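What the coordinates show
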Amino acid sequence: MIDLYFWPTPNGYKPLIFLEESALAYQIKPVNIMRGDQFEPNFLAVALNNRIPAIVDYAPTDADQPFALFESGSILIYLAEKTGQFLSSDLRNRHQTIQWLMWQMGGVGPMMGQANHFIQYAPEDIPYGKKRYGDEVKRLFGVMEKQLSDQDYLTGNYSIADMACYPWIKFSDLINIQLSDFPRVAEWVARITERPAVKRAYEVGEPIKGEQQMDDEARRLLFGVKPQKT
Ligand SMILES: N[C@@H](CCC(=O)N[C@@H](CS)C(=O)NCC(=O)O)C(=O)O
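Rules behind the numbers
Residues numbered from 1 in each chain as written. Predicted model: local features only at pLDDT ≥ 70, side-chain atom pairs only at ≥ 80, totals over all residues. Heavy atoms only, no water. UniProt positions renumbered as here; feature names shortened; annotations may be inferred. Helix = DSSP H or I, 4+ residues; strand = E, 2+ residues; numbered from the N terminus. Buried < 20%, exposed > 50% of the residue type's maximum accessible area, 1.4 Å probe, protein only. Contact = heavy atoms within 4.5 Å. Near = heavy atom within 4 Å. Polar contact = N/O pair within 3.5 Å; in protein donor to acceptor, adjacent residues only side chain to side chain. Nonpolar A, V, L, I, M, F, W, Y, C, P; charged D, E, K, R; others polar. Pairing = 2+ DSSP bridges. Right-handed = clockwise from strand over helix to strand, strands pointing away. Core = buried A, V, L, I, M, F, W, Y, C linked by side-chain atoms within 4.5 Å. Domains from an automatic or database assignment.

The protein has the name Glutathione S-transferase family protein in an unreviewed UniProt entry, where Nostoc flagelliforme FACHB-838 is given as its organism. The Sequence similarities (unreviewed entry) comment attached to the protein in UniProt states, word for word, "Belongs to the GST superfamily."

Details of the side chain of Ser172
Following the sequence through the fold, Ser172 ends up in the loop between helix H6 (160–169) and helix H7 (183–193). Judged by relative accessible area, Ser172 falls into the buried class, the value being 3%. Discounting chain neighbours no more than four positions away, the residues touching Ser172 are Met112, Phe141, Ile177 and Leu179.

So, the UniProt feature "domain: GST N-terminal" (unreviewed entry) in the protein
On the UniProt side, "domain: GST N-terminal" (unreviewed entry) is annotated at positions that read residues 1–87 here. Along residues 1–87, the helical share is 32% and the strand share 21%, with 21 Å between the first and last C-alpha atoms.

Regarding the site of the ligand
In the vicinity of the ligand, the contacting residues are Thr9, Asn11, Ile33, Gln38, Arg51, Ile52, Pro53, Glu71, Ser72, Met105 and Leu222. Here an oxygen atom of the ligand and a side-chain polar atom of Arg51 are 3.4 Å apart. Separating a nitrogen atom of the ligand from a side-chain N or O atom of Glu71 is a distance of 2.8 Å. The class makeup of the residues in the shell around the ligand is 5 nonpolar, 4 polar and 2 charged.

Side note on the pairing of strand E1 (residues 2–6)
Across the 5 residues of E1, 5 count as buried, placing the element largely inside the fold. Where E1 lies against strand E2 (residues 26–30), 5 bridges are found, and the strand directions are parallel. The residue of E2 that forms the bridge with Phe6 is Pro30. Note that the unit made of E1, helix H1 (residues 10–21) and E2 has a crossover that is right-handed.

Side note on the nonpolar core
Membership of the largest hydrophobic core comes to 55 residues, with the highest contact counts inside it found for Met112, Met144, Ile160, Ile169, Val185 and Trp188. Of all elements in the fold, only E1, H1, helix H3 (72–83), helix H4 (91–121), helix H5 (127–147), H6, H7 and helix H8 (196–205) reach the threshold of two or more residues within this core. No fewer than three residues from each of domain 1 (2–85 + 200–223) and domain 2 (91–194) sit in this core. Among residues more than four places away in sequence, those in contact with Met144 are Trp103, Leu154, Cys165, Ile169, Val185 and Trp188. Grouped together as the second largest cluster of nonpolar side chains are 13 residues, Tyr5, Val31, Val46 and Ala218 included.

As structure tokens, then:
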């Protein structure tokens, strides 16, 4: 059994998609990051970095003691190695997949996160931030468009690199990126959206948010922004 510490955000969906794609038994432990659950001692004992996602594997292959991990990329590699799925054993393909996974972890995720922050959440309008991160995201989409020009997935077969990119790339409209400007990326999004396991992941994940909104308390917890006086 694997416990997945989860909130329905792009990083949260990466391991949830893997778990739905594989036959691994798992249960979700919701961590409401808009109410400060990420700072609770029982979560910090699993994920010192106070960020979701994290997992605890109660049946690791090496020993009886449970094994905890945070960082979505490391979780995906761990799950791929545990199951032998979605990460090739061929040396070149394996490392190309890890390369694109790192590209997501170091590029797409942080840059889209910052673009989203300046466009949706910054308490004041900062055109420089919007342009800097928006331009970088467009560059990354262009790179992805080239990589997908002659193949359906980032490194040939559907892999953990695709699982890492998909939950971010699919919300491009929120940061004013037109997917129609990147037709091969748009086809790739549509292809992955149709996967039954991906559909199940969002059916499982979305209801966990319930009525939770991005309110003053969430802004304070996530961005250190003081509530605005009315
Ligand atoms: N590099 C980390 C990023 C994790 C991350 O930023 N998680 C966000 C949700 S997408 C979070 O937990 N935020 C809580 C906070 O900022 O306090 C990963 O890929 O796992």
